[in-house]
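Below, each chain spelled out in residue letters.
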Amino acid sequence: MNYEAVLAGLPDAVIAVDTELRVVFWNSAAEVLTERSARRAVGKFLKELLPPDASVIRRLAETLATGESRSEPEGIVERGDHRSVPVGIVTAPLFGRDGSVEAAVAVLRDLSRIRQLEAEVRRGETLAAAGRMAVGLAHEVRNPLGAIRGAVQLLRRELGADSRLTEYTDVLLTEVDRVNRIIEMLVDLARPVQLRPVPLNLHQLFDRVALMSEEAARERGVTIVRRYDPSLPPILGDEDRLLQVFHNLVRNALDSMSRGGHLTLTTRVSLNPLFGRMDLGAGARNMVEAQVADEGAGIPEAVRARIFDPFFTTKDKGLGLGLAICHRILEEHRGAIQVDSAEGQGTVVTCFLPIVK
Ligand SMILES: Nc1ncnc2c1ncn2[C@@H]1O[C@H](COP(=O)(O)OP(=O)(O)OP(=O)(O)O)[C@@H](O)[C@H]1O
Ligand SMILES: [Mg+2]
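Nothing here was measured: the structure is a model prediction, and the numbers come from that model. (Residues numbered from 1 in each chain as written. Chains lettered and ligands numbered in written order. Predicted model: local features only at pLDDT ≥ 70, side-chain atom pairs only at ≥ 80, totals over all residues.)

> Help me understand the environment of F25, please; the structure alone is not making it clear to me.
Summarising the element assignment, F25 is placed in strand 2 (residues 23-26). Judged by local crowding, F25 falls into the partly exposed class, with 17 C-beta atoms found within 10 Å. Once the C-alpha coordinates of F25 and L46 are considered, the two residues, 21 residues apart in sequence, prove to be 11 Å apart. F25 has contacts with V14, I15 and A16, leaving out every residue within four places of it along the chain. (Helix = DSSP H or I, 4+ residues; strand = E, 2+ residues; numbered from the N terminus. Buried ≥ 20, exposed ≤ 12 C-beta atoms within 10 Å, placed from the backbone. Contact = placed C-beta atoms within 7 Å.)

Right under this line is the structure:
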């Protein structure tokens, strides 16, 4: 049995060091995790490769000193560009013939995908809780609102068409209708709607959204670019609901580009390790990606965790419901939505949707 090949093929990063903390083994998962090749790592001191205070160095040093195993469920590995990856760390000593510690090995498990899934689940729970509250609220508010609307209409009739006061009743009616629309949207967010999924051509959907947004884009000096995969298979989706998603995403993209730029609509068969194949209840299906990318202001780090919260908005006239609704609709499709953003450079929103079998 070739043990080295087994270690090399392990999905967890395996790093072995001698008593001086010099690297003697670095498998391919370690190369991926640290973004450093084994060729460059082996023979170097670990502290030349990772920050000297890195938890894996500390744990390996402890193991070498004590001959005992160490574990750290919530460690961090810093990559070259200061991005940090959450990892679980376990170390173990390797003993020589005479019983002394000859080396130590660390196994690091990349937790970022698990963290991403956890965030996804939490997001779903927040939305569900907000939705339940909304339905209760809508119930309470709808009836009095209906009464107000009825009374205002009566009042308007009493006042007659030429009354100066109809200006006020008009404002009342418009505003009541606006509150009603907000409530409708909220209820929509909470109620499980019956999807009518049919085979759809994603490019036709994108084309329709692009057409609807043409004027708004021109006003802002934004060029809409289409980057379609010509061999994209049809997807399974609800046409109206998906139009709503793309319309929201395109509006957000346009809002972020006050000084013009490109808005790119991209489609492709997904190769994403996390969302590229998803289980729809009746077995796993391949997914496609429908992407809306802008060159706008981007989303500041501090804001990023909250953008899917209902009513979270940074806009004067925003309701903060757009992304919450998008999330909801993609969940109904058993798909997913992912946002990548760099401040000052732009935002890429990717929707994952199931292919028709
Ligand atoms: N493409 C984007 N570029 C920059 N920021 C974005 C983008 N998309 C969303 N955001 C940020 O996320 C927030 C929430 O977006 P969301 O669509 O849910 O609400 P909104 O656009 O503010 O209001 P609404 O969509 O209800 O009119 C926005 O206020 C904005 O700060
Ligand atoms: Mg929006």
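> I would appreciate a short explanation of the site of ligand 1 in the present structure.
Ligand 1 sits among 23 residues. The nearest are S256, T313, G318, G322 and L323. For the shell around ligand 1, the secondary structure elements donating two or more residues are helix 9 (239-256) and helix 11 (322-332). The dominant element in the shell around ligand 1, judged by the number of residues it contributes, is helix 9, at 4 residues. Residues belonging to the shell around ligand 1 are distributed by class as follows: 10 nonpolar, 11 polar and 2 charged. (Near = placed C-beta within 6 Å. Nonpolar A, V, L, I, M, F, W, Y, C, P; charged D, E, K, R; others polar.)

> Explain the environment of S341 here, please?
As for its placement among the helices and strands, S341 is situated in strand 12 (residues 336-342). Classification of S341 by C-beta neighbours within 10 Å gives buried; the count is 21. With residues near it in sequence (within four places) discarded, S341 still touches G298, I299, R304 and T347.

> Just checking my understanding: could you explain unusual backbone geometry for this structure?
Positioned with a positive phi, E35 is a non-glycine residue whose angle comes to about 60°. Here E35 lies in the loop between helix 2 (28-34) and helix 3 (38-41). Phi is positive for F311, which is not a glycine, with a value near 75°. If you trace the backbone, F311 turns up in the loop between helix 10 (301-304) and helix 11. By C-beta crowding, F311 is classed as partly exposed, having 14 other C-beta atoms within 10 Å.

None of this, on its own, says anything about what the molecule does.
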